Amino acid sequence: MSQTPETAEIGARPHQPDEDRFHAIHAEDIQWRPFPAFPPEARLAILVGDPTKPAPYLIRVKRPAGTKMMPHKHPEDRIYTVMSGVFYIGLGEIFDERKLTAYAPGSVVVLPGNQPHFHWAKSGEYITQVTATGPLGLGYIDPANDPRRPR
């Protein structure tokens, strides 16, 4: 009997980085850290992979109530899954509250690379999970909004 993709031997493919063994990440074990490209009160947690490498990664982003992420873009395609709270995102190079769309927990948002967008934790804290292939990049449309820029 010849092998088809459906019957190919398990383990025939190489593992992705950080996916070579079974493991679980419990919510209480997630390590939230500041991220230099984010406003100081926002947090990022790296769950799987290494976002600095050209490989798949999985991160979570937490923004407290009221936090705005000014217009920016990422070179990589991204898939956002809303874990908790309401994720408000708008498209464009100028922050415009009228362009925001609210996404409830469980929603999935596909964001193509290089698409200018902005976020706002308008109604309270939210957590999104981001799946992408790195390296992670983040460039602000207006460099004056970049927290990494010397003041």
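Bear in mind that the values here come from a model prediction, so they are computed numbers and not experimental data.

## With respect to the overall build of the protein chain
Next up, step 1: Scanning the protein chain for helices and strands turns up zero helices and 10 strands.
Next up, step 2: Element order for the protein chain, N to C, with α for helix and β for strand: β-β-β-β-β-β-β-β-β-β.
Next up, step 3: Its C-alpha atoms put the protein chain at 60 × 35 × 30 Å along the principal axes.
Next up, step 4: The proportion of buried residues among the 151 residues of the protein chain is 36%.
Next up, step 5: Within the protein chain, counting contacts between residues at least 6 apart in sequence, those at least 24 apart form 69% of the total.
Next up, step 6: In the form shown here, the protein chain has an accessible surface area of approximately 9200 Å², with 55% of it arising from carbon and sulfur atoms.
Next up, step 7: Distance from the positive charge centre (17 side chains) to the negative charge centre (17 side chains) of the protein chain: 8 Å.

## Notes on the packing of aromatic side chains
Next up, step 1: Scanning the model with the defined rule gives five aromatic pairs in all.
Next up, step 2: Between Phe95 and Phe118, the ring centres sit 4.9 Å apart and the planes meet at 45°, which makes this aromatic pair tilted. Note that Phe95 is positioned in the loop between strand E5 (87-91) and strand E6 (101-103) and Phe118 in strand E8 (residues 117-120), a separation of 23 residues in sequence.
Next up, step 3: Positioned over the ring face of Phe38 is Arg63, at 4.3 Å from the centre of the ring.
Next up, step 4: One Lys or Arg, Lys68, reaches over the ring of Trp120 and ends 4.6 Å from the middle of that ring.

## Some remarks on a nonpolar patch on the surface
Next up, step 1: Among the surface-exposed residues, Ile79, Val108 and Val110 lie close enough to one another that they form a single nonpolar patch of about 270 Å² accessible area.
Next up, step 2: By secondary structure assignment, the location of Ile79 is in strand E4 (residues 78-84).
Next up, step 3: A relative accessible area of 37% means that Ile79 is categorised as partly exposed.

## Brief notes about empty space enclosed by the protein
Next up, step 1: Taken as a whole, this structure holds one cavity of 30 Å³ or more when the rule is applied.
Next up, step 2: In this structure, the largest cavity encloses a volume near 50 Å³.
Next up, step 3: If you trace the largest cavity, you find it lined by Phe38, Val61, Arg63, His72, His74, Arg78, Tyr80, Phe87, His119, Tyr126, Thr128 and Leu138.
Next up, step 4: For the lining of the largest cavity, the elements supplying multiple residues, two or more each, are strand E2 (56-63), E4 and strand E9 (126-133).
Next up, step 5: For the lining of the largest cavity, the residue count by class is six nonpolar, four polar and two charged.

## So, the pairing of E9
Next up, step 1: Among the eight residues of E9, six are classified as buried, and the element is accordingly described as predominantly covered.
Next up, step 2: Summarising the sheet, E2 and E9 pair through eight bridges and their orientation is antiparallel. Directly across from Ile59, in E9, lies its bridge partner Val130.
Next up, step 3: When E4 meets E9, the two strands line up antiparallel, connected through six bridges. Residue pairing in the sheet places Ile79 in a bridge with Thr131 of E9.

## Some details on the pairing of strand E3 (residues 68-73)
Next up, step 1: Pairing of E3 with E8, which is carried by three bridges, proceeds in the antiparallel orientation. Within E8, the position partnered with Met69 by the bridge is His119.
Next up, step 2: Here two bridges tie E3 to strand E10 (residues 139-140), and the two strands are oriented antiparallel to one another. By the bridge assignment, His72 is partnered in E10 with Tyr140.

About the cut-offs
Residues numbered from 1 in each chain as written. Predicted model: local features only at pLDDT ≥ 70, side-chain atom pairs only at ≥ 80, totals over all residues. Heavy atoms only, no water. Helix = DSSP H or I, 4+ residues; strand = E, 2+ residues; numbered from the N terminus. Buried < 20%, exposed > 50% of the residue type's maximum accessible area, 1.4 Å probe, protein only. Contact = heavy atoms within 4.5 Å. Areas by Shrake-Rupley, 256 points an atom, 1.4 Å probe, with all protein chains shown as cover. Lys, Arg positive; Asp, Glu negative; His and termini not counted. Charge placed at Lys NZ, Arg CZ, Asp CG, Glu CD. Phe/Tyr/Trp six-rings, centres within 6.5 Å; stacked < 30°, edge-to-face > 60°. Lys NZ or Arg CZ within 6 Å of the ring centre and 35° of its normal. Patch = residues over 30% accessible without salt bridge, like charges linked within 9 Å, V, L, I, M, F, W, Y side chains within 5 Å. Salt bridge = Lys/Arg side-chain N within 4 Å of Asp/Glu carboxyl O. 1 Å grid on protein atoms, 1.4 Å probe; cavity = no way out; pocket = protein on both sides within 12 Å on 5 of 7 lines; lining within 4 Å. Points joined across faces, edges and corners; volume = space filled by probe spheres on them. Nonpolar A, V, L, I, M, F, W, Y, C, P; charged D, E, K, R; others polar. Pairing = 2+ DSSP bridges.

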